[in-house]
Amino acid sequence: MLQQLDTVDNVRREVAPRIAKKRKSELGQFMTPSSVARFMAGMFPISTSQVCRLLDAGAGVGALSCAFLDRWVAGDFAFKEVEATAYEVDDTLRSHLVQHLSGYSSVKPHVIAGDYIELATAQGLKSKGYTHAILNPPYKKINSKSAHRLALRSVGIETVNLYSAFVALAVAEAAPGGQIVAIIPRSFCNGPYYRPFREFLLARAAIEHIHLFDRRDKAFSDDAVLQENIIIRLVRGGQQGMVKVTQSTDDTFVDLRERMFPFAEVVLPDDPEQFIHIPDGSPDPLSCLSKVRHTLAEIGLSVSTGPIVDFRMREHLRKVPEPGTVPLIYPVHLDGAVTTWPQEEIKKWNAIVRNAETQRWLFAGGTYVLLRRFSSKEENRRLHVALLYHADIGHPDWIGFENHTNVFHVNRQGLPEDLALGLYCWLHSTALDQHLRRFSGHTQINATDLRNIRHPGWDDLIALGQRAKSTSIDQLTIDQLVNQVFA
């Protein structure tokens, strides 16, 4: 039987290519394919309630609402009446949305033209009694001084992206026991910027179900979106219990796998950052490494984001080192396992003048372990590590690190070489990479994340470095040494 969603998907395929890339970027939203919409609608448990109040914020042409309503028409829900409230800011999409929701004779549609954040926060944060919410919210950063950020802050929501704002508002507007299903980027699962959102979410809702795509380019493949997305089902005011985790390779869902996990494996009880892990059934690779149990602070190490923001210090930067300057290290200088400096052909700078204005941003000369803060979405490793040996850059008294690098140090001074090599091997290990993938779904490596995870102790890192310096450092050797020294 032809369902309304089939009609909607035909419209999506026709309309989406006509929307200019600039407009898509402005809205931050990509329309949901029918396969994903059906799967999301299928995540709601069968309901015997007589009344449904459905929310679809950022509804586009209505794929998610129609997938839900098609399921109702098919008899999965016992609703006697349905009110469907759909927000859409784009005039063209909204005209299709009105038509599609009007195709259900027993539905009371409320299609609202306007900005969901602006309208939802206008009268303070309060429940609107929504029993169900189904969302594909826009994905776009929120400027710290923007109207959106100020409106959200006025109702106690502190977050950095439209998608997390939409989810927070939907949770707040849901009735007790209300079900929220949303497809969103995985980036909220870790990192300091999303900590207030995680706290808001976990204080008000229980996580019931998380779906993970193995291929990050498949959820919105028609729009060529390369983003690691998850689908999550939340229950407003629910009692937290076991969490269902499903996985599929792509949006066909033909190889769906399902497992249940204790919530303590999703959010670790002693984690102040409340990172959200998505276990896949395999044991955490760090669980068999008994010596990996320390925070960086406990072993006397620190990690910092490079403090030099080049566009703010342009007058002090130099392409070629000269008297009075010190090395300035960018991610482009990180060349595999080592740091290659200076580099004449790069577009970045190689040196910074040392003077009264720049001195406070510099680190003492020494040996350091460096990480690129950002990796390409196409790369297969979370951490990209390099050693900076003091001798390799001429034993300078001071070194500058640009803002796109993370620096491991001891009180802004260098590391013993054996320890630095051991730390390099640890950070480059497959075990740590696989551990990070359990909660890190984005390409930014935050210093907070690095401080929060567990590491080997100081002496154990030195022991690893001493073992590593007498052999070739390839991936297989690193993994073998890590397992031998830290078990």
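Caption draft 1: Helix α1 (residues 4-15), seen in detail. Taking 1.5 Å per residue, twelve residues should reach 16 Å; α1 reaches 17 Å between its end C-alpha atoms and fits that length. Within the sequence span of α1, burial applies to Q4, L5, V8, D9, V11, R12 and V15. All buried residues of α1 fall inside an arc of 160° around its axis, so they share one side. Residues of α1 that are buried sit in contact with α3 (34-42), α4 (63-73) and α5 (91-101).

Caption draft 2: Helix α15 (residues 475-486), seen in detail. For α15, built from twelve residues, the straight-helix expectation of 16 Å at 1.5 Å per residue is met to within 8% by its first-to-last C-alpha distance of 16 Å. Three or more residues of α15 are buried, namely T477, I478, D479, L481, V482, V485 and F486. In this structure, the buried residues of α15 make contact with α11 (417-427), α12 (430-436) and α14 (458-468).

Caption draft 3: Seen up close, the pairing of strand β8 (residues 243-248). Of all six residues making up β8, five are buried, and the element is well covered by its neighbours. Pairing geometry for strand β6 (residues 205-213) and β8, over five bridges, is parallel. Bridge pairing links F213 to S248 in β8. Two elements, β8 and strand β9 (residues 257-261), share five bridges in a ladder whose sense is antiparallel. Residue pairing for β9: V243 is matched across the bridge by F261.

Caption draft 4: Geometry of the sheet that holds strand β11 (residues 317-318). Reading across from one edge, β11-β15-β12-β19-β16 is the order of the five strands in this open sheet, with mixed pairing throughout. Looking along the sheet, the strands with just one partner apiece sit at the ends: β11 and β16 (363-364). Here strand β12 (residues 325-329) pairs with strand β19 (residues 398-401) via two bridges, running parallel. Within β19, the residue paired with I329 across the bridge is F401.

Caption draft 5: Quick peek at the sheet that holds strand β1 (residues 51-57). Judged by pairing direction, the sheet is mixed, and its nine strands sit side by side in the order β3-β2-β1-β4-β5-β7-β6-β8-β9 without closing on themselves. Each of the sheet's edge strands pairs with one partner strand only, and the pair in question is β3 (107-113) and β9. Averaged over all neighbouring strand pairs, the angle between strand axes comes to 15°, with direction disregarded. Note that β1 and strand β4 (residues 130-135) share two bridges and pair parallel. Of the residues in β4, the one forming a bridge with L55 is A133. Sheet strands touched by α4: β1, β2 (81-88), β3 and β4. Its angle to β1, the strand with the most contacts, is close to 160°. Packed onto the sheet, α5 meets β2 and β3 and runs at close to 170° relative to β3.

Caption draft 6: How the structure looks around the pairing of strand β7 (residues 229-236). Taking burial as the measure, the eight residues of β7 include seven buried ones, the bulk of the element. Where strand β5 (residues 174-185) meets β7, seven bridges bridge the pair, whose relative direction is antiparallel. Directly across from I184, in β7, lies its bridge partner I230. For β6 and β7, the ladder comprises seven bridges, and the chain directions are antiparallel. Looking across to β7, one finds that H211 is bridged to I231.

Definitions and cut-offs
Residues numbered from 1 in each chain as written. Predicted model: local features only at pLDDT ≥ 70, side-chain atom pairs only at ≥ 80, totals over all residues. Heavy atoms only, no water. Helix = DSSP H or I, 4+ residues; strand = E, 2+ residues; numbered from the N terminus. Expected span 1.5 Å × (residues − 1). Buried < 20%, exposed > 50% of the residue type's maximum accessible area, 1.4 Å probe, protein only. Arc of directions from axis to C-beta. Contact = heavy atoms within 4.5 Å. Pairing = 2+ DSSP bridges. Axes fitted to C-alpha atoms, helices over the stretch in contact; angles between N-to-C directions.

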